[in-house]
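The chain contents come next:
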Amino acid sequence: MTSKAEEALGYEQARDELIEVVRRLEAGGTTLEESLALWERGEELAKVCRRWLEGARARLDAALAGEEEGAAAEGE
């Protein structure tokens, strides 16, 4: 389930925050509880990014399919 805040995040915002989460996890020095919270946030951000990328792919596929249909109609 997505929250309104996650839906409001743009791809670049989610990606940048995800990079920061990964950096903090890799740096260490956090408690187990903090690390788990960071991991969970990272998973949420990865889902947001994935949805944006899947949407972009669908739009590209639709545009390419439209071009192919247009080219086929011109060739008839």
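Here the structure is a predicted model, which means the values were calculated and not measured.

Chemist: Describe the overall build of the protein, naming the residues involved and giving the relevant values.
Modeler: A tally of helices and strands in the protein yields three helices and zero strands. Along the protein, helices and strands appear, N-terminal first, in the series α-α-α. When contacts within the protein are restricted to residue pairs at least 6 apart in sequence, those whose partners lie at least 24 apart make up 74%. About 6,100 Å² of surface is accessible on the protein, with carbon and sulfur atoms providing 56% of the total.

Chemist: Describe the environment of Leu53, with residues and values.
Modeler: Relative to the elements of secondary structure, Leu53 occurs in helix 3 (residues 32-75). In this structure, the C-alpha to C-alpha distance between Leu53 and Tyr11, residues 42 residues apart in sequence, is 8.1 Å.

Chemist: So, the nonpolar core: which residues are in play, and what are the values?
Modeler: Grouped together as the largest cluster of nonpolar side chains are seven residues: Leu9, Ala14, Val21, Leu38, Leu45, Val48 and Cys49. Of all the elements in the fold, those that place two or more residues in this core are helix 2 (11-27) and helix 3. With four residues, the single largest contributor to this core is helix 3.

What counts, and where the lines are drawn
Residues numbered from 1 in each chain as written. Predicted model: local features only at pLDDT ≥ 70, side-chain atom pairs only at ≥ 80, totals over all residues. Heavy atoms only, no water. Helix = DSSP H or I, 4+ residues; strand = E, 2+ residues; numbered from the N terminus. Contact = heavy atoms within 4.5 Å. Areas by Shrake-Rupley, 256 points an atom, 1.4 Å probe, with all protein chains shown as cover. Core = buried A, V, L, I, M, F, W, Y, C linked by side-chain atoms within 4.5 Å. Buried < 20%, exposed > 50% of the residue type's maximum accessible area, 1.4 Å probe, protein only.

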